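# Structural overview
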Amino acid sequence: MEIIKVENINKFIANEHILKNINLSVKQGEFVSIIGPSGSGKSTLLYILGLLDQPTDGKVFVENQEINFKDKKRISEIRNKKFGFVFQFHYLINELTALENVMVPMLKSGVEKSVAADIAIKNLEKLGLEKKQDRRPYELSGGEQQRVSIARALSNNPLVIIADEPTGNLDSKNTEIVMEIFENLNKEGKTIIMVTHEIDLAERTQRIIKLKDGEIIEDLKKI
Ligand SMILES: Nc1ncnc2c1ncn2[C@@H]1O[C@H](COP(=O)(O)OP(=O)(O)O)[C@@H](O)[C@H]1O
Ligand SMILES: [Mg+2]
């Protein structure tokens, strides 16, 4: 099944043509990387795929349903229920513990607190953070903070994980840890779309989409 599809997407920002006639669809279970030089439009494309931004023209489909960009309520519902986001900077809430941070998306979508806590603990265990659940972000290492943000991304059991340079701020050891987490999640069936500028990370995924100057210049599927 196609999870996300974009048709003839263009994006202009202040007269600059940032994305040029992009066509792309991602199927359930794929691990896709998007690579390209800085400024090539990777983040802009990823944000459109994640419904964090809208194209100037063109269509976006999630599970074969066309997105109506005027329906902000529906869009935030889809985002919260179906997408898990991981960014280069983790955007954890400093006042909350690791456990509470992971619970946030669930509480937002109306999951009961005790249920949310149980799921959050399981997700933190999955990422090897069971002993750190009561720490606040500043009491964790950079790698641990990013793992908490991955646990948070998993909290609503999303259809797809959308990650923008998730290892961009990590040393090589933690990059490897995060990459292995993504590989394991994908083996369990999770769809992942990851922007990276590290070609050796992209080469570990099943599909590499290359962007240059806002255009897809290559879409390489292994198998
Ligand atoms: N909010 C914005 N305002 C102005 N220009 C932007 C904005 N966001 C992105 N751009 C421009 O769009 C182009 C693509 O940016 P981006 O998608 O962030 O590239 P990448 O993630 O590949 O580095 C760049 O030229 C950037 O300057
Ligand atoms: Mg970027």
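Residues numbered from 1 in each chain as written. Chains lettered and ligands numbered in written order. Predicted model: local features only at pLDDT ≥ 70, side-chain atom pairs only at ≥ 80, totals over all residues. Heavy atoms only, no water.

- As recorded by an unreviewed UniProt entry, the chain carries the name Lipoprotein-releasing system ATP-binding protein LolD and is attributed to Sulfurihydrogenibium yellowstonense SS-5.
- The record held by UniProt for the chain lists under Sequence similarities (unreviewed entry) the comment "Belongs to the ABC transporter superfamily. Macrolide exporter (TC 3.A.1.122) family." (UniProt positions renumbered as here; feature names shortened; annotations may be inferred.)

### Re the packing of helix 5 (residues 142–153) against helix 6 (residues 172–187)
- Two numbers describe how helix 5 lies on helix 6: the axes approach to 10 Å, and their chain directions differ by 20 degrees. Taken as axis vectors, helix 5 and helix 6 run roughly parallel relative to one another. Pair helix 5 / helix 6 crosses with right-handed handedness. Counting all contacts with helix 5, which are made through Gly-143, Gln-146, Arg-147 and Ile-150, the residues of helix 6 involved are Asn-174, Ile-177, Val-178, Ile-181, Phe-182 and Leu-185. (Axes fitted to C-alpha atoms, helices over the stretch in contact; angles between N-to-C directions. Helix = DSSP H or I, 4+ residues; strand = E, 2+ residues; numbered from the N terminus. Parallel < 35°, antiparallel > 145°, perpendicular 65-115°, else oblique. Left-handed = near helix turned anticlockwise from the far one by under 90°. Contact = heavy atoms within 4.5 Å.)

### Looking at the sheet that holds strand 7 (residues 160–164)
- Here we have six strands laid out as an open sheet, ordered 6-7-8-3-9-10, and mixed in their pairing. Across the chains shown, the open sheet's two edge strands, defined by having one partner strand only, are strand 6 (83–86) and strand 10 (215–221). Looking at each pair of strands side by side, their axes are set apart by 15 degrees on average, direction ignored.
- Strand direction decides the pairing type here: strand 3 (residues 31–35) and strand 8 (residues 191–195), joined by four bridges, are parallel. Within the sheet, the bridge partner assigned to Ile-34 lies in strand 8 and is Val-195.
- Where helix 6 meets the sheet, it contacts strand 3, strand 6, strand 7 and strand 8, and its direction lies at approximately 150 degrees from that of strand 8. (Pairing = 2+ DSSP bridges.)

### Focus: the side chain of Glu-30
- Here Glu-30 is to be found in the loop between strand 2 (16–27) and strand 3.
- Judged by relative accessible area, which is 13%, Glu-30 ranks as buried.
- Those residues in contact with Glu-30 that lie beyond four places of it in its chain are Ser-25, Asn-186, Lys-190, Thr-191, Ile-192, Gln-206, Arg-207 and Lys-221. (Buried < 20%, exposed > 50% of the residue type's maximum accessible area, 1.4 Å probe, protein only.)

### With respect to the layout of surface pockets
- Looking at the largest pocket, its volume works out to about 500 Å³.
- Around the largest pocket, the lining is made up of 22 residues, and of these Arg-79, Asn-80, Phe-85, Pro-105 and Lys-108 lie nearest the centre.
- If you list the elements that add at least two residues to the lining of the largest pocket, you get helix 2 (72–82), strand 6, helix 3 (98–108) and helix 5.
- The element that contributes the greatest number of residues to the lining of the largest pocket is helix 2, accounting for five residues.
- In terms of residue class, the lining of the largest pocket is built from ten nonpolar, seven polar and five charged. (1 Å grid on protein atoms, 1.4 Å probe; cavity = no way out; pocket = protein on both sides within 12 Å on 5 of 7 lines; lining within 4 Å. Points joined across faces, edges and corners; volume = space filled by probe spheres on them. Nonpolar A, V, L, I, M, F, W, Y, C, P; charged D, E, K, R; others polar.)

### Concerning helix 5
- The first and last C-alpha atoms of helix 5 sit 17 Å apart over twelve residues, in line with the 16 Å expected at 1.5 Å per residue.
- Buried within helix 5 we find Gly-143, Glu-144, Gln-145, Gln-146, Arg-147, Val-148, Ser-149, Ile-150, Ala-151, Arg-152 and Ala-153.
- Contacts from the buried residues of helix 5 go to strand 6, helix 3, helix 4 (113–126) and helix 6. (Expected span 1.5 Å × (residues − 1).)

### Some thoughts on helix 6
- The end-to-end C-alpha separation of helix 6 is 22 Å, in line with the 22 Å expected for 16 residues at 1.5 Å each.
- Burial in helix 6 covers these residues: Asn-174, Thr-175, Val-178, Met-179, Ile-181, Phe-182, Glu-183, Leu-185 and Asn-186.
- Positive backbone phi, at 110 degrees, marks Gly-189, one or two positions downstream of helix 6.

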